[in-house]
Amino acid sequence: MKVTNKKVPVLRRGYVQEEDAAKLILGDDFQEEQCLFISEVKILLDAQRESKTSGDKNVTGVYQSAFDYVNQFARFKNQDTVREVRQFLAEENLESFEVAQLANLCCEEAEEAKALIPSLALKKDDDSLQSLLNEMLTLKKFQT
Amino acid sequence: MFFLKKLKHTITLHPRFFGPDMEDFVKTKLYQDVEGTCSGRYGYVITVVEVLKVGKGKLIPGLGSAEFDVEYQAIVFKPFKFEVLDGVVKNVSKMGFFVDVGPLVVFVSGHAIPSDMKFDPNGNPPCFQSEDQTIEKGTLVRLKIMGLKMEPTDIRAIGTIKEDYLGMIGQ
């Protein structure tokens, strides 16, 4: 199976390539963009929180729901842990999207990770994926 | 997926704001205009992180207002087809259930729920139940997006939990 044809030539006028996260096709607008972990979004929003809520400024519904969401699902609560996870995942030669999905979903088994992020199956064998997940879980366990 | 994305926006400013604090007005207007918006192309703009560049103002002939091209960096949330996401169940009915994934609402229809899960209308609150999992309001679930419909001001999504490793998240 062929995996990513990132820049598919435009075959005809008005041709739109369908986005597909399983094959890492995110569309022209997002293909090269930096994906954020949920934990990173939490850190960014927390840092902004003061200036957003002070005075008579009211936050938007989208902002509030995103804030609640990242607080619920941020796996790494502390800034240093997030940095460490980001660092060691950066060494793995994965796409930004896969890195963020790994950190967001925090799978425990290689099988699970491959089922949820299908593009991983072609890049990593079970053993190396498992050791990567183990390392991430250890970091998660020992965060303060 | 959350992204840090550079975006552009054009701000139109009324002449009464011209003056020393003009740049501040432009920024305030940018926050008002773009934060909390949603478009099919860029998804939900959650918050502006940084204003990178405020262009030179350009007067609109015949109006007196000025236009500013502003570049900014924002946190955006855009869902993709076949992406796996976690969410919180908001509403359960016999047709299926709705899941909040941040600003996005995903509908999981009865056909996309494993067949051993049965709807229990008499439960309090109403729930989907099987031997090993219960889905009711407030349950955390992991789902996969199967379809997206981009509307001008909103994104509608349908999801599934009828696959391996999807469904209720054990705490």
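This one's a predicted model, so the numbers in the text were calculated from it and none came from an experiment.

**Focus on helix α6 (residues 126-141) of chain A**
An α-helical turn contains 3.6 residues, so any two residues separated by three or four positions project in the same direction.
All names here are of chain A.
Turning to step 1, where the next piece is worked out: The terminal C-alpha atoms of α6, which comprises 16 residues, lie 22 Å apart, in line with the 22 Å expected from a rise of 1.5 Å per residue.
Turning to step 2, where the next piece is worked out: Listing the buried residues of α6 in full gives Leu129, Leu132, Leu133, Met136 and Leu139. Here the buried residues of α6 occupy an arc of 120 degrees about the axis, which is enough to place them on one side. Opposite the buried face of α6, by more than 90 degrees, sit the exposed residues Asp127 and Lys141.

**What about the domain arrangement of chain A?**
All names here are of chain A.
Turning to step 1, where the next piece is worked out: Domains assigned within chain A are domain 1 (38-52 + 59-73) and domain 2 (79-141).
Turning to step 2, where the next piece is worked out: Domain 1 and domain 2 are separated by 24 Å when their C-alpha centres are compared.
Turning to step 3, where the next piece is worked out: Both faces considered, domain 1 and domain 2 share a buried interface measuring about 420 Å² in area, 54% of it formed by carbon and sulfur atoms.
Turning to step 4, where the next piece is worked out: Broken down residue by residue, the surface that domain 1 buries against domain 2 is led by Ile38, Glu40 and Ile43, which jointly contribute 85%.
Turning to step 5, where the next piece is worked out: The partner of glutamate 40 in a salt bridge is arginine 86, and the shortest N-O contact between them spans 2.8 Å.
Turning to step 6, where the next piece is worked out: Run the count over domain 1 and domain 2 and you get two residue pairs in polar contact (both at pLDDT 80 or more).
Turning to step 7, where the next piece is worked out: The residue makeup of the side of domain 1 that touches domain 2, split by class, is two nonpolar, one polar and one charged.

**Regarding the interface of chain B and chain A**
Turning to step 1, where the next piece is worked out: The interface is formed by 37 residues belonging to chain B together with 38 residues belonging to chain A.
Turning to step 2, where the next piece is worked out: Around 3,400 Å² of area is buried between chain B and chain A when both sides are counted, 65% of it from carbon and sulfur atoms.
Turning to step 3, where the next piece is worked out: Interface area lost by chain B to chain A is led by B:Met1, B:Phe2 and B:Tyr165, which between them contribute 20%.
Turning to step 4, where the next piece is worked out: Summed over the shared surface of chain B and chain A, the number is six salt bridges.
Turning to step 5, where the next piece is worked out: One salt bridge connects A:Asp29 with B:Arg41, and the closest N-O pair in it is separated by 2.6 Å.
Turning to step 6, where the next piece is worked out: At the boundary of chain B with chain A, the tally comes to 14 residue pairs in polar contact (both at pLDDT 80 or more).

**Examining the sheet that holds strand β10 (residues 127-129) of chain B**
Through backbone hydrogen bonds, the strands of a sheet pair up, either in parallel or in antiparallel fashion.
All names here are of chain B.
Turning to step 1, where the next piece is worked out: Ordered by their spatial adjacency, three strands build an open sheet running β9-β10-β11, and the pairing between neighbours is antiparallel. Strands with a single pairing partner mark the edges of an open sheet, and in this sheet they are β9 (118-120) and β11 (134-135).
Turning to step 2, where the next piece is worked out: As judged from the three bridges shared by β9 and β10, these two strands associate in the antiparallel manner. Paired with phenylalanine 119 across the strands is phenylalanine 128, a residue of β10.

Quick notes on the rules
- Residues numbered from 1 in each chain as written.
- Chains lettered and ligands numbered in written order.
- Predicted model: local features only at pLDDT ≥ 70, side-chain atom pairs only at ≥ 80, totals over all residues.
- Heavy atoms only, no water.
- Helix = DSSP H or I, 4+ residues; strand = E, 2+ residues; numbered from the N terminus.
- Expected span 1.5 Å × (residues − 1).
- Buried < 20%, exposed > 50% of the residue type's maximum accessible area, 1.4 Å probe, protein only.
- Arc of directions from axis to C-beta.
- Domains from an automatic or database assignment.
- Buried area = accessible area lost by both parts, 1.4 Å probe.
- Salt bridge = Lys/Arg side-chain N within 4 Å of Asp/Glu carboxyl O.
- Polar contact = N/O pair within 3.5 Å; in protein donor to acceptor, adjacent residues only side chain to side chain.
- Nonpolar A, V, L, I, M, F, W, Y, C, P; charged D, E, K, R; others polar.
- Contact = heavy atoms within 4.5 Å.
- Pairing = 2+ DSSP bridges.

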